[in-house]
Structure formats: C-alpha cells, structure tokens
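Take a look at the letters that make up each chain.
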Amino acid sequence: MTTNTTTTKTVETISLEELKTWLWGSANIMRGTVDSSDFKNYIFGLIFLKRLSDVFDERVQAIIEEEACNADEAMDIIQEDNPEQFVPEEARWESLTNKSENIGESIDEAFAKIETQNPTLEKVLTAIQFGDKEKLSNELLMRLLRHFNQYKLGNDNLYKADLLGDAYEYLIGKFADDAGKKGGEFYTPHEVVELIVKLIDPQPGHEIYDLTCGCGGMLVESARHIKDNYKENGTVMGKPNCKLYGQEKNLGTWAIAKLNMFLHNLDGDIKRGDTLVNPLHKSGEGLQTFDRVIANPPFSIKNWWEPLELNGGKIIGDNGKERNIKYSTDLKDKFGRFSLGTAPRTKADLAFLQHMIASTKDDGRIGVVVPHGVLFREGDEGKIRKGMLVGKDKFKGDLIEGVVGLPPALFFNTGIAAAVLIINKNKPTALKNKVIFVDASAEFGEGKAMNFLREVDIKRITTEYNKAKQTLVEAGEQTEDKLSELLDSVAVDKYLRVVDIKEIKKNDFNLNISRYIDTSEKEETVCITSTLERLDEINEKLVNTDKELQNHLKLLGL
C-alpha cells in the first residue's frame, strides 16, 4: 500500500499484488460453505458493488469541492447529469455494512435498484442470488463485507484505470483452476488467448467479436493488444480504439463478462443466447460482420441444434410417421451459414467455424481453438474442410492461413492437445493456396495439474510464423521451381513448414500436422556385420567366464 499526498487530500493506493491477495482472501472465507465453482458469482458481484459505491462516493466528494455544495446537492447533480452513475442509498456500501440481519436479501435489493438505475446492467446483477440463507448465512456475509471493507476501490485508489480489471482476470483464472474441469466452460488460459491475439493482430478502429465469449477474456486481451501496440491511434479518450462484441449462452458467465467489460472500462456489446441457433449480432436480416473474430468454442458438443432436439431427436416425416432427425437435411438455417455442409449432430466444431466465417468481413481474420479432430475427420466434416481449402460452388475457399499445434493439457476441461486455426479471408497473393503449419506441441511449462505456454514459447510461435509469412510476401510470385526452394528456405526443422495446396490435395485435404512436419528422431543406422561380430565376442567372453566359474566351484568342492 502506498500513499499519494496532495495539497488537498491523502489517498491510499493499492498495488496489483495487494489487490490479488486481498480479493482471493474472500474466496478462502467462503471455502467449505459454498461450492468452489460458485465462488466467482458471489465475489464478482461484491467487487462490482464495492467499486461502484466507492467511485460514486469519490464523485460526490469531487462535486462538493468543485461546486462548493453539500453532499445532497452533489448527489442531485449526478442523478440529473449522469443517472447511470447514481447509486441509490440502499445500494451504497456503507448502508449494507451497517446491516446485521437479512443481509443477503438487502444485497439482492441493492442489485435490483442499480439495474433499474442503469439499464445496460439489466439482469447482470440479479443473476447472482445472495438471499439463500442455507448457502449464505448472515454471519458469512458479514465476514465477507468486513473483508471487502479493508480497502477502497475508487479511481484514486487504483494506480491505473484498469487495475481492478487485471485483478478480476487473475481471479477468473484462479476460480477456473479451483473449479477444475468446470473452469473450462468459462475461461481460456491467458497464455493461449495472448498467442491467438498476437497471431490475428487486431488493429485500431477494429470491431472484434467472440461468439462464445465466456468471461470475455479474449475481447479484453484484444483491446489491450491494440492499446499497448499502437501508440499513435490505439486509444481514444483513454479507451482502446476498438469495439467489442460477444455472445454467451450461460447466464452466470454472461453476467461475469458484462462486469469484466465494466471493470476494464471497456464498451462491450455482450449478448446472451445460443449463438448457433439464435445469433444476436445482426445487420438487417443478415449477420453483422467484424474485422476480427476470435473464440474458443466448446469442443465437439452434441445435439447442438436445439429446435431439432425438442422431442428427443424425433420428428414427424412427410409420410406422417415419426422418424429420427438428420441434421444434413432437416436443419434449416435462415442465415445461410452452412453452405459448405452441415456439421454432424455429434460434433458442432465446424458449425461454430462456419458461423465465424459468415461473421467476418471480406478482409477479416479469425483465430479459433479447435480439437485436432477438426483437422482430419472425414465424412461431412472432411467435405467442409475441403471447401474451406479449395471452395465449393460460390464459396471461394483458400481461407486457412495457418494451423498451430498446441501442447497437451493446456485447458481445464480436457487433457488432449488442441490446435489454433488462423483464417484469413484476404490472403496476400504470396500466401494463396498455401498453409503455414507449426508444431509447437513439445515446448511448454509443466504445472501441477496443467501445462502452460511460457512467454518464450509464445514468442517463438509468433516470431517464426510471422517471419515465414513475411518472407513469402516479400519474395512475391515465384515459378514452380523457385517456389519449392522458397518454401524449403522458410521451413524450421521439426517445427514449421509452409505447405502448398497440391501437397494437401494429395493427402485428401487432411490437415493433420504430423503429415506435414516430421518430428521423429532419426534412428541410428545399424551395421548388421559389425553387430554380429560384436555378439560373437560377447558369446566368447560368456563361455570363458563360465569356465572360470566352474574351476572356482571345483576348488571349493562344490
């Protein structure tokens, strides 16, 4: 804790490490009483409430000093000029900490009043229920309120505007770790997010979309990338120069994403619903399109088109008899997203991917985490993959720019290795009909329960990927002979290759990385003649040793 002193006031500021320790301490208070997978809902709600109340108190004090008025007059000014910043008396932190009975109900009422005051938060806070006394006793809530009362979370108490957002991300990761496999439902490890963002490189002024946004971490990192890497025009009025859009199906996770945007001081249009069945970011009758699309959709979910699953996968056929549904013929999508083919009922991976392509501008890029099966599975999925590579009917194809194989056990919900697909709807001429393959599966740090990408791993992937890409672009168009030489020159042994579509076609459009990058170690050459001679020598020594042993045994009378 440090102290900033001015001529008018002394303000205590809190460091990121202090903030992390303090906020995580609240989880320890709840441990043993509340299921760890539910910690985040309650703690994030209280963090928000404390932050909102402290900023309001700070604003009231500032107006008192600026306008030479009293507190009531300052509050009237806020309510008139910025009603969304006004906090009703019953929702203020001081009011809640003074209560000793029905604290949970009081917190629920406070959230409801804040939502009424600020329509953009509708259903965000009331999604969290504090009034269940069997889960949250008055005593437990009093302990939590006292714990949160240790520090103030006003703007003056944070040494940078998005400090609380950084701590919030830390907590999301900790909660995901605590929740184990359930954590993967709402959180993608930050190192994976950082890698994908660097590969798709969002730019100032871009509109960025995550169709399964979870807690919003990919959108936050995209905004941070723009702010940190584009100093001239990366910010506007102190905020990252971009627009963020997301959709999330789970109510509690959607609420956390909305709070994440708020605590990072970001403008995010986060909608709630099933993206495949009911995409909510639309332009007229069609889909809204974006400059960058980024996602880690749930792997290989089954029965993903809910309208066909309402009767247990049965419908009435044209002959009036009940029959099993067939996605390839029965699924009707009014947005025309599945022109390459319908993903199978048992695996939604390529349904998500086709939605992403349909939601991307003609010069846009996509970064998405996929299970390795997407790269090689046959049948309907093989046809969709082929269409992405060489086109189908009016679909132009040649969309896949890169495939990056990741190490195993990076994610909470699965121990299997995954891959990152980079889609580019406007490849440079030099990259047309080529795919960059990277096998980064062997380079990672080992954790207790999970592996992780180290900074050096992320740097190697992005550096080698971009170097290969840039070398091809600078070389320009090549004759067939020269192209082969060029592709060989950018290859990195056992790590990276740029592969021409002709080779991929010979492999029936299978994108399994091991088909293109050989990571096996060269076996030592064995000379049969010398090996046999050596065996003869060993046998001779064994015979001699046996003779010596027999002689010793005779001397001993044995």
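Cut-offs applied
Residues numbered from 1 in each chain as written. Predicted model: local features only at pLDDT ≥ 70, side-chain atom pairs only at ≥ 80, totals over all residues. Heavy atoms only, no water. Patch = residues over 30% accessible without salt bridge, like charges linked within 9 Å, V, L, I, M, F, W, Y side chains within 5 Å. Areas by Shrake-Rupley, 256 points an atom, 1.4 Å probe, with all protein chains shown as cover. Salt bridge = Lys/Arg side-chain N within 4 Å of Asp/Glu carboxyl O. Helix = DSSP H or I, 4+ residues; strand = E, 2+ residues; numbered from the N terminus. Axes fitted to C-alpha atoms, helices over the stretch in contact; angles between N-to-C directions. Parallel < 35°, antiparallel > 145°, perpendicular 65-115°, else oblique. Left-handed = near helix turned anticlockwise from the far one by under 90°. Contact = heavy atoms within 4.5 Å. Nonpolar A, V, L, I, M, F, W, Y, C, P; charged D, E, K, R; others polar. Buried < 20%, exposed > 50% of the residue type's maximum accessible area, 1.4 Å probe, protein only. Polar contact = N/O pair within 3.5 Å; in protein donor to acceptor, adjacent residues only side chain to side chain. Pairing = 2+ DSSP bridges. Arc of directions from axis to C-beta. Phe/Tyr/Trp six-rings, centres within 6.5 Å; stacked < 30°, edge-to-face > 60°. Expected span 1.5 Å × (residues − 1). 1 Å grid on protein atoms, 1.4 Å probe; cavity = no way out; pocket = protein on both sides within 12 Å on 5 of 7 lines; lining within 4 Å. Points joined across faces, edges and corners; volume = space filled by probe spheres on them. Lys, Arg positive; Asp, Glu negative; His and termini not counted. Charge placed at Lys NZ, Arg CZ, Asp CG, Glu CD.

A.B. asks: What is the right way to look at a nonpolar patch on the surface in this model?
C.D. replies: Together, Val526, Ile528, Leu532, Leu535, Ile538 and Leu542 line one region of the surface with nonpolar side chains, adding up to about 570 Å² of accessible area. Structurally, the position occupied by Ile538 is in helix α18 (residues 528-555).

A.B. asks: Sorry if this is basic, but what is going on with the packing of helix α8 (residues 190-200) against helix α9 (residues 217-229) here?
C.D. replies: For any two helices packed against each other, the geometry is given by the interaxial angle and the distance between the axes. Look at α8 against α9: their axes get within 9 Å of each other, and the N-to-C directions meet at 50 degrees. In terms of orientation, α8 lies oblique with respect to α9. Of the two elements, α8 crosses α9, and the hand of that crossing is right-handed. Along its contact with α8, which presents His190, Val193, Glu194, Ile196, Val197 and Lys198, the element α9 presents Gly217, Met218, Glu221, Ser222, Arg224 and His225. When its residues are assigned to classes, the contact of α8 with α9 shows four nonpolar, four polar and four charged.

A.B. asks: Looking at this structure, how should I read the side chain of Arg377?
C.D. replies: Within the secondary structure layout, Arg377 lies in the loop between α13 (373-376) and α14 (380-390). A relative accessible area of 17% places Arg377 in the buried class. Polar contacts involving the side chain of Arg377 include one to the side chain of Glu381, which spans 2.7 Å. Setting aside residues no more than four positions away along its own chain, Arg377 makes contact with Ser300, Lys347, Asp349, Gly382 and Arg385.

A.B. asks: I would appreciate a short explanation of the sheet that holds strand β13 (residues 360-371) in the present structure.
C.D. replies: The strands making up a sheet are joined through hydrogen bonds of the backbone, oriented either antiparallel or parallel. Spatially, the nine strands line up as an open sheet ordered β7-β6-β3-β10-β13-β15-β14-β16-β19, and their pairing is mixed. The strands lining the two open edges of the sheet, one partner per strand, are β7 (268-272) and β19 (496-500). The mean inter-strand angle of the sheet, taken between neighbouring strand axes irrespective of direction, is 15 degrees. With seven bridges connecting them, β13 and strand β15 (residues 418-424) associate as antiparallel partners. Bridging across to β15, Ile366 finds its partner in Ile423.

A.B. asks: Please explain helix α16 (residues 480-490) as it appears in this structure.
C.D. replies: Since the α-helix turns once every 3.6 residues, residues separated by three or four places project in the same direction. Those residues of α16 that fall on the buried side of the exposure criterion are Leu483, Leu486, Leu487 and Val490. Along the axis of α16, the buried positions cluster into a sector of 95 degrees, meaning they face one direction only. Turned more than 90 degrees from where α16 packs its buried face, Asp481, Glu485, Asp488 and Ser489 sit exposed. As for α16, its buried residues are in contact with β16 (434-439), α15 (455-475) and β19.

A.B. asks: Got a minute to help me understand the environment of Glu73 in this structure?
C.D. replies: Mapped onto the fold, Glu73 is located in helix α3 (residues 71-81). You can call Glu73 partly exposed: its relative accessible area is 40%.

A.B. asks: Looking at this model, I keep getting lost on the packing of aromatic side chains. Mind explaining?
C.D. replies: Two measures describe an aromatic ring pair: the distance that separates the ring centres and the angle between the ring planes. Within the structure shown, the criterion is met by 15 aromatic pairs. Judged by centre distance (4.5 Å) and plane angle (25 degrees), the rings of Phe437 and Tyr516 are stacked. Remark: Tyr516 occurs in the loop between α17 (501-506) and α18 and Phe437 occurs in strand β16; sequence separation between them is 79 residues. Ring pairing ties together the aromatic residues Trp22, Trp93, Phe148 and Tyr151, which thus form one cluster.

A.B. asks: What is the right way to look at helix α1 (residues 16-30) in this model?
C.D. replies: Spanning 15 residues, α1 covers 22 Å between terminal C-alpha atoms, matching the ideal 21 Å at 1.5 Å per step. Buried within α1 are the following residues: Leu16, Leu19, Lys20, Trp22, Leu23, Trp24, Gly25, Ser26, Ala27, Ile29 and Met30.

A.B. asks: I keep staring at empty space enclosed by the protein and nothing clicks. Help me out?
C.D. replies: To find leftover empty space, one rolls a probe the size of a water molecule over the atoms. All chains considered together, the criterion is met by three cavities of 30 Å³ or more. Elements represented by at least two residues in the lining of the largest cavity include exactly α12 (349-358) and β13. Considered class by class, the residues forming the lining of the largest cavity number 10 nonpolar, no polar and one charged.

A.B. asks: When you look at the pattern of salt bridges in this model, what are you seeing that I'm missing?
C.D. replies: A pair can form between side chains of opposite charge whenever their charged atoms are brought close. Applying the stated criterion across every chain, the model contains 25 salt bridges. With its nearest N and O atoms 2.8 Å apart, the salt bridge here joins Arg377 to Asp349. Placement of the pair is Arg377 in the loop between α13 and α14 and Asp349 in helix α12, with a sequence separation of 28 residues. For the pair Arg377 and Asp349, a shared accessibility class is recorded, and that class is buried. With a shortest N-O distance of 2.7 Å, Lys427 and Asp398 are connected by a salt bridge. Of the two residues, Lys427 sits in the loop between β15 and β16 while Asp398 sits in the loop between α14 and β14 (400-405), which places them 29 residues apart along the sequence. A cluster of three or more residues bridged by salt bridges with shared partners is formed by Glu194, Lys198 and Glu455.

A.B. asks: I would appreciate a short explanation of the pairing of strand β3 (residues 206-210) in the present structure.
C.D. replies: In regular strands, side chains alternate between the two faces of the sheet. The buried fraction of β3 amounts to five of the five residues, a majority that puts the element mostly inside the structure. One ladder, built from five bridges, connects β3 with strand β6 (residues 242-248); its direction is parallel. Within β6, the position partnered with Tyr209 by the bridge is Tyr245.

A.B. asks: Is there a simple way to think about the side chain of Ser359 in this case?
C.D. replies: Considering the arrangement of structural elements, one finds Ser359 in the loop between α12 and β13. Within polar-contact distance, the side chain of Ser359 engages the backbone oxygen of His355 at 2.9 Å. Leave out the neighbours within four places in its chain, and Ser359 touches Tyr209, Leu287, Gln288, Thr289, Phe290 and Val293.

A.B. asks: Whenever I open this one, a negative patch on the surface confuses me. Can you help?
C.D. replies: Together, Asp72, Glu73, Asp76, Glu80 and Asp81 line one region of the surface with negative charge. With respect to the helices and strands, the residue Asp76 is situated in helix α3.

A.B. asks: Looking at this structure, I do not really get unusual backbone geometry. What am I missing?
C.D. replies: Glycine aside, a negative phi is what most residues show, and trans is what most peptide bonds show. With a phi angle near 50 degrees, Asp398 is a residue other than glycine that sits in the positive phi range. Even without being a glycine, Ala409 presents a positive backbone phi close to 55 degrees. Within the element layout of this structure, Ala409 appears in the loop between β14 and β15.

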